[in-house]
Amino acid sequence: MHTLKGVSQTDQYRALGLSTFAFTVCFAVWTIFSIIGVKIKQELGLSDTQFGLLVATPVLTGSVSRIFLGVWTEQFGGRVMFPLQMLITAVCVWLLTSVHSYEIFLVAALGLGLAGGSFIVGVAYTSRWFEKERQGTALGIFGAGNVGAAVTNFAAPFLVVALGWEGTARVYAVVLVITAVLFFLLAKTDPVQQARKESGEGPVSASSQLEPLKNIQVWRFATYYFFVFGAFVALASFLPRYYVGAYGLELTTAGVFAGLYSLPGSVFRALGGWMSDKWGARAVMYLTFIVSLVVLFIMSYPQTTYLVSGINGPIEFDFGVSVGMFVALTVVLGFVMSLGKAAVYKHIPVYYPHHVGSVGGLVGMIGGLGGFFLPIAFGVLLDLTNVWTAPFMLLFVLVAVSTIWMHVVIRRMERSRHPALADEKYLSDVPDKPLEKPAPATGKPSGVTTKPAQ
């Protein structure tokens with residue numbers, strides 16, 4: 001337990017505000033290929049699979065790097081690591097403008113992906129400024145920096161129209177450099193790092209922190225995050241391409257509609273944390289999965305023409321999801337995914353209060369890998385099936401598997417805590433026992449009643 005002696009509310013709000021702003025900028029950069037990638041695809045004549053790989057490559061680096069950036073943040077502190085990570089990323093973003101081949105684009109995208117690793121740097125830095133009772137709310141506010149994806153979807157299409165994709169990349173690189181400099185100048189060394197400097201104490205060993213990763217429960221939480229975060233990142237990158245291809249929209253319009261999905265998928269994360277505190281993370285996960293199943297089923301239904309043999313001859317009618325309904329469905333999906341992201345991270349300090357860093361890092365990494373593999377899978381499905389809604393079918397299956405796994409484990413936990421339930425073969429949980437046999441008629445005159453059994 002770290003001490004907050006001498007830390008004022010001003011210090012706390014400064015740390016939270018700076019880290020949230022920096023994370024928002026980094027997340028906007030992390031998803032830049034969702035917009036400029038469409039233009040690059042057209043220039044290079046890429047297939048959907050190649051485009052999916054290009055969009056997903058930054059997510060790979062951003063996911064895997066979380067482990068290393070987390071360790072280095074423990075060693076050197078977030079005040080040093082956050083600006084350093086942003087400066088290196090800015091160089092990679094600027095170099096994008098001098099690339100002309102697909103293979104080199106992939107290499108540059110690996111460097112750009114360091115922007116996604118900012119999440120674990122910010123979590124480690126922000127959490128050290130707050131008491132245990134307030135860490136959840138603080139991290140929920142910090143996590144709302146996912147709104148950077150919406151910033152990119154809203155703003156980048158207009159920058160592309162005005163400056164071209166190369167000019168857009170340069171603007172993003174300059175913004176990153178400015179943010180890095182401001183963060184280093186305005187942020188303070190966190191209390192834990194400051195105390196270590198004064199006492200000469202070293203951090204906890206990596207081996208002891210990684211011990212809980214042997215538990216299958218950790219990987220189950222990671223599977224949940226694979227959807228609520230990984231699919232969120234994947235869809236934030238894929239939806240502009242989907243709107244342009246499936247509905248024939250202009251890129252600017254497609255970016256705005258994709259931003260309508262990204263916005264609730266980011267800003268309501270703090271609400272998800274509050275709901276998890278009030279009703280429990282398990283209830284929020286059930287809500288997330290059930291609503292997602294319904295929404296994804298509708299979204300995955302392709303435009304279909306039916307021909308029915310009627311009494312007076314064939315009857316033909318069409319079924320499909322209009323662009324307006326589809327946008328509305330994405331807003332609902334983004335909202336419940338935002339709640340689910342907070343619920344997953346609510347589980348971690350409850351089960352692993354002394355290993356939040358390692359367990360949270362692994363869960364975040366697996367979730368980020370979802371943002372890498374899913375866009376590739378989307379592209380492969382489009383190339384193989386030629387059905388625009390095939391990616392949503394894949395997400396429906398993923399959510400169904402997660403829901404079943406979660407429910408089975410919860411039922412096992414309940415039976416292990418209440419062994420009598422395992423022996424009950426005929427009754428459900430309601431009622432507790434069969435209804436008693438009705439009392440025989442007493443033969444008393446009408447209007448006379450008997451006292452009911454207590």
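Rules used throughout
- Residues numbered from 1 in each chain as written.
- Predicted model: local features only at pLDDT ≥ 70, side-chain atom pairs only at ≥ 80, totals over all residues.
- Heavy atoms only, no water.
- Helix = DSSP H or I, 4+ residues; strand = E, 2+ residues; numbered from the N terminus.
- Buried < 20%, exposed > 50% of the residue type's maximum accessible area, 1.4 Å probe, protein only.
- Contact = heavy atoms within 4.5 Å.
- Phe/Tyr/Trp six-rings, centres within 6.5 Å; stacked < 30°, edge-to-face > 60°.
- Salt bridge = Lys/Arg side-chain N within 4 Å of Asp/Glu carboxyl O.
- Pairing = 2+ DSSP bridges.
- 1 Å grid on protein atoms, 1.4 Å probe; cavity = no way out; pocket = protein on both sides within 12 Å on 5 of 7 lines; lining within 4 Å.
- Points joined across faces, edges and corners; volume = space filled by probe spheres on them.
- Nonpolar A, V, L, I, M, F, W, Y, C, P; charged D, E, K, R; others polar.

(A) Examining the overall build of the protein more closely. Each helix and strand counted, the protein has 19 helices and two strands in total. The 454 residues of the protein split such that 49% are buried. When contacts within the protein are restricted to residue pairs at least 6 apart in sequence, those whose partners lie at least 24 apart make up 81%.

(B) Spatial organisation of the packing of aromatic side chains. Taken as a whole and assessed by the stated rule, the structure comprises 33 aromatic pairs. Here Phe23 and Phe27 contribute two aromatic rings whose centre-to-centre distance is 5.7 Å and whose plane-to-plane angle is 75 degrees, an arrangement assigned as edge-to-face. You can see Phe23 and its partner Phe27 sitting in helix α1 (residues 9-30), four residues apart, about one turn around the helix. The pair Phe23 / Phe27 is uniform in exposure class, with both members buried. Ring centres of Tyr224 and Phe289 lie 5.6 Å apart, and the angle between their planes is 75 degrees; this geometry places the pair in the edge-to-face category. One end of the pair, Tyr224, is in helix α11 (residues 216-247); the other, Phe289, is in helix α15 (residues 281-299), with 65 residues separating them in the sequence.

(C) Structural context of the pattern of salt bridges. Evaluation of the coordinates by the stated rule reveals one salt bridge. With a shortest N-O distance of 2.9 Å, Lys188 and Asp11 are connected by a salt bridge. On the criterion of sequence distance, the pair formed by Lys188 in the loop between α8 (148-186) and α9 (191-199) and Asp11 in helix α1 is long-range, its members being 177 residues apart. What makes Lys188 partly exposed here is its relative accessible area of 37%. You can call Asp11 buried: its relative accessible area is 11%.

(D) Local environment of the pairing of strand β1 (residues 304-310). Alignment of β1 against strand β2 (residues 313-319), held across seven bridges, turns out to be antiparallel. The partner of Tyr306 across the bridge, within β2, is Phe317. Two successive antiparallel strands, β1 and β2, enclose a turn made up of two residues.

(E) Representation of the environment of Ala328. If you trace the backbone, Ala328 turns up in helix α16 (residues 323-351). Classification of Ala328 by relative accessible area gives partly exposed; the value is 41%. Separated by 71 residues in the primary sequence, Ala328 and Phe257 place their C-alpha atoms 9.5 Å from one another.

(F) Local environment of the side chain of Ser118. Note that Ser118 resides in helix α6 (residues 118-127). Apart from the residues lying within four places of it in its own chain, the contact partners of Ser118 are Phe23, Cys26, Phe82, Gln85 and Phe142.

(G) Quick look at empty space enclosed by the protein. Under the criterion given, the structure shown has one cavity of 30 Å³ or more. Each pocket or cavity is described by its volume, and for the largest cavity that value is around 80 Å³. As for the largest cavity, its lining consists of Asp48, Phe51, Gly52, Val55, Phe238, Arg241, Pro375, Phe378, Gly379 and Leu382. Of all the secondary structure elements, the ones that give two or more residues to the lining of the largest cavity are α3 (48-76), α11 and α17 (356-385). Among the residues making up the lining of the largest cavity, the classes are represented as six nonpolar, two polar and two charged.

Purely spatial values, then, with no claim about function.
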